[in-house]
Amino acid sequence: MKESGVDGKILELFRSGDGVVSGAALSKALGVSRTAVWKHVKGLRGKGYQIEAVPSKGYRLLSSPEILTNLDITAGLGAKRIGSSVICLKETDSTNSVAFKMAEDGAPEGTVVIADTQSAGKGRLGRIWLSPAGVNLYCSVVLRPAIAPVAACQLTFLSVVAVARAVERCTKLKPQIKWPNDILINGKKVAGLLNEMNAETEKVNFVVLGIGVNLNLRMAAISEGLLRHPATSLLEEGGEEVDRLRFTRVLLEELDQLYDNFLVEGDGPVRAEWLARSAIKGRSVKVSQQNREFCGVVQGVDSFGALLVLLSDGTLETVLSGDVALL
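Peer 1: When you look at unusual backbone geometry in this model, what are you seeing that I'm missing?
Peer 2: Generally, phi is negative for residues other than glycine and the peptide bonds are trans, each holding for most cases. For the peptide bond that leads from Trp179 to Pro180, omega is 0 degrees, which places it in the cis range. If you check the backbone angles, Ser56 has positive phi at about 65 degrees while not being a glycine. Among the secondary structure elements, Ser56 is positioned in the loop between strand E1 (50-54) and strand E2 (58-63). Although it is not a glycine, Asn186 adopts a positive phi angle of roughly 55 degrees.

Here it is in structure tokens:
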């Protein structure tokens, strides 16, 4: 077992146990000596884990580092593909940019890039995603589906539904989806998704799913005028801090399950769930595009993620891009 694998297994045993785990139990489970166990515990302490040695009993994990670590995220992670490799950065310009470059260099499917803060986080239409340190989740996932480029937009359904599920599992809040890729709580944006693709004429080489979720951000800390639309965080709406590590692990597990189903069943099931969670179906909206604005009633989305809007003259407009506001 690789050294990082031993460390991850130790953390998994700490979390699955009930308090103190004996050195003998760790030694047996890992297949290493008690001396080797001590060396790994010492190494984990050096990485910021507070581990207490309880005389004549064993070890107890008291706390993990404040920033997310690949060991914490992958230890016992219940996912087949996504999270097979996790890279945690203290700071970067954009996790999407890092993941895209890694994918170009051959990073395997399921690679996840996470940053504690971003200096140039990406939003839709070239906008900036504000990324303060220590409070939120900024991550990007590399996928290599065997699908046609025209169908790659279907993967947006996956990431949006996965975030909605994770919010429900980790909080008491009820998220809603706003086309094409926003998660709303009480009408305010709490998460945004940005997918980027590398493809040839008939083949997708890879897709990077970019996910940003406001977990414990205090909106008072954001300078007025920096946000185009009303925004919030799970902390602001729920009144309780969200465990960033648990949320990250839950999100990756949900995304992994949805992706696994997508590869077998196609986009039908996840698109149906997207529609069921949508905050926009049946509502009157104004669509703003580069050179045009129009109003209508949302009928749903097609298999490629385009918004279907019924105009007052009976025309069904297919919206591939633009800003949509509820009326």
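Peer 1: Sorry, what's going on with the pattern of salt bridges here?
Peer 2: Opposite charge on two side chains permits them to pair, given that their charged atoms come into close proximity. If you walk through the whole model with that rule in mind, you get 15 salt bridges. A salt bridge links Asp116 to Arg244; the shortest N-O distance between them is 3.0 Å. A residue pair is termed long-range when its members are at least 10 positions apart, and Asp116 in strand E4 (residues 111-118) and Arg244 in helix H8 (residues 244-265) qualify at 128 residues. Summarising the burial analysis for this pair, Asp116 and Arg244 share the class buried. Overlapping salt bridges, with partners in common, bring together Arg165, Glu168, Arg169, Glu254, Glu273 and Arg277 in one network.

Peer 1: Got a minute to help me understand helix H2 (residues 23-30) in this structure?
Peer 2: At 3.6 residues per turn, the α-helix brings residues three or four places apart onto the same side. Those residues of H2 that sit buried are Gly23, Leu26, Ser27 and Leu30. The arc enclosing the buried residues of H2, seen along the axis, measures out at 100 degrees, which places them on a common side. Among the residues trailing H2, Gly31 stands out with phi positive, at a value near 70 degrees.

Peer 1: Would you take a moment to explain the nonpolar core for this structure?
Peer 2: Grouped burial of nonpolar side chains is what soluble globular proteins tend to show. If you look at the biggest cluster of nonpolar residues, it comprises 63 residues, and the most contacted ones within it are Leu155, Val163, Leu234, Phe247, Leu251 and Val309. Broken down by element, this core gets its largest block of residues, eleven residues, from helix H6 (residues 155-170). Contact partners of Val163, with chain neighbours within four places excluded, come to Ile183, Ala191, Leu193, Ile211, Val213 and Leu251. One finds Phe14, Val37, Leu44 and Ala75 within the second-largest nonpolar core, a separate group that totals 16 residues.

Peer 1: Looking at this structure, how should I read helix H9 (residues 268-277)?
Peer 2: Those residues of H9 that sit buried are Val270, Glu273, Trp274 and Arg277. Each buried residue of H9 sits inside an arc of 105 degrees when the element is viewed along its axis, so together they form one side. Against the buried residues of H9 lie H6, strand E6 (176-178), H8 and strand E11 (292-301).

Peer 1: What is the right way to look at the state of the cysteines in this model?
Peer 2: Should the sulfur atoms of two cysteines be covalently bonded, the bond is a disulfide. Applying the stated rule across the entire model yields zero disulfides. Note on Cys88: no disulfide assigned, nearest cysteine sulfur contributed by Cys139 at a separation of 9.9 Å. Owing to a relative accessible area of 25%, Cys88 belongs among the partly exposed residues under this scheme. Among the residues examined, Cys139 registers a relative accessible area of 2% and is labelled buried.

Peer 1: Honestly, the side chain of Thr248 in this entry has me stumped. Any pointers?
Peer 2: Take Thr248: it is sitting in helix H8. What makes Thr248 buried here is its relative accessible area of 1%. Within polar-contact distance, the side chain of Thr248 engages the backbone oxygen of Arg244 at 2.8 Å. Once residues lying within four places of it in the same chain are set aside, the contact partners of Thr248 are Leu68, Ile73, Ile114 and Leu137.

Peer 1: Is there a simple way to think about the sheet that holds E6 in this case?
Peer 2: Within a sheet, neighbouring strands are paired by backbone hydrogen bonds and run either parallel or antiparallel to one another. A sheet is described by the order of its strands in space; here seven strands give the open sequence E3-E4-E5-E9-E8-E7-E6, paired in mixed fashion. Edge positions in the open sheet fall to strand E3 (85-92) and E6, since each of these has one partner strand only. Neighbouring strand axes in the sheet, compared pairwise and without regard to direction, differ in orientation by 20 degrees on average. In terms of strand pairing, E3 meets E4 through seven bridges, oriented parallel. When the sheet's bridge partners are listed, Glu91 is paired in E4 with Thr117. Strands in contact with H6 are strand E5 (137-143), E6, strand E7 (182-185), strand E8 (188-199) and strand E9 (204-213); relative to E8, the strand with the most contacts, it is inclined by about 150 degrees. Running at roughly 25 degrees to E5, H8 makes contact with E4, E5 and E9 of the sheet.

Peer 1: Honestly, the packing of aromatic side chains in this entry has me stumped. Any pointers?
Peer 2: Scanning all chains against the criterion turns up three aromatic pairs. Ring centres 4.9 Å apart and planes at 70 degrees place the aromatic pair Phe100 and Phe206 in the edge-to-face group. On the criterion of sequence distance, the pair formed by Phe100 in helix H5 (residues 95-104) and Phe206 in strand E9 is long-range, its members being 106 residues apart. According to the relative accessible area criterion, Phe206 is buried, its value standing at 3%. Each ring, one from Tyr259 and one from Phe262, has its centre 6.4 Å from the other, and the planes form 20 degrees; the classification is stacked. Separated by three residues within a single helix, Tyr259 and Phe262 lie in helix H8, roughly one turn from each other.

Peer 1: Help me understand the environment of Asp302 in this model?
Peer 2: With respect to the secondary-structure elements, Asp302 resides in the loop between E11 and strand E12 (307-310). Between the C-alpha atoms of Asp302 and Ala107, which are 195 residues apart in sequence, the distance is 31 Å. In this structure Asp302 touches Phe157, Arg271, Leu308 and Thr318, once residues within four positions along its chain are discounted.

Basis of the calculations
Residues numbered from 1 in each chain as written. Predicted model: local features only at pLDDT ≥ 70, side-chain atom pairs only at ≥ 80, totals over all residues. Heavy atoms only, no water. Helix = DSSP H or I, 4+ residues; strand = E, 2+ residues; numbered from the N terminus. Salt bridge = Lys/Arg side-chain N within 4 Å of Asp/Glu carboxyl O. Buried < 20%, exposed > 50% of the residue type's maximum accessible area, 1.4 Å probe, protein only. Arc of directions from axis to C-beta. Core = buried A, V, L, I, M, F, W, Y, C linked by side-chain atoms within 4.5 Å. Contact = heavy atoms within 4.5 Å. Disulfide = S-S within 2.5 Å. Polar contact = N/O pair within 3.5 Å; in protein donor to acceptor, adjacent residues only side chain to side chain. Pairing = 2+ DSSP bridges. Axes fitted to C-alpha atoms, helices over the stretch in contact; angles between N-to-C directions. Phe/Tyr/Trp six-rings, centres within 6.5 Å; stacked < 30°, edge-to-face > 60°.

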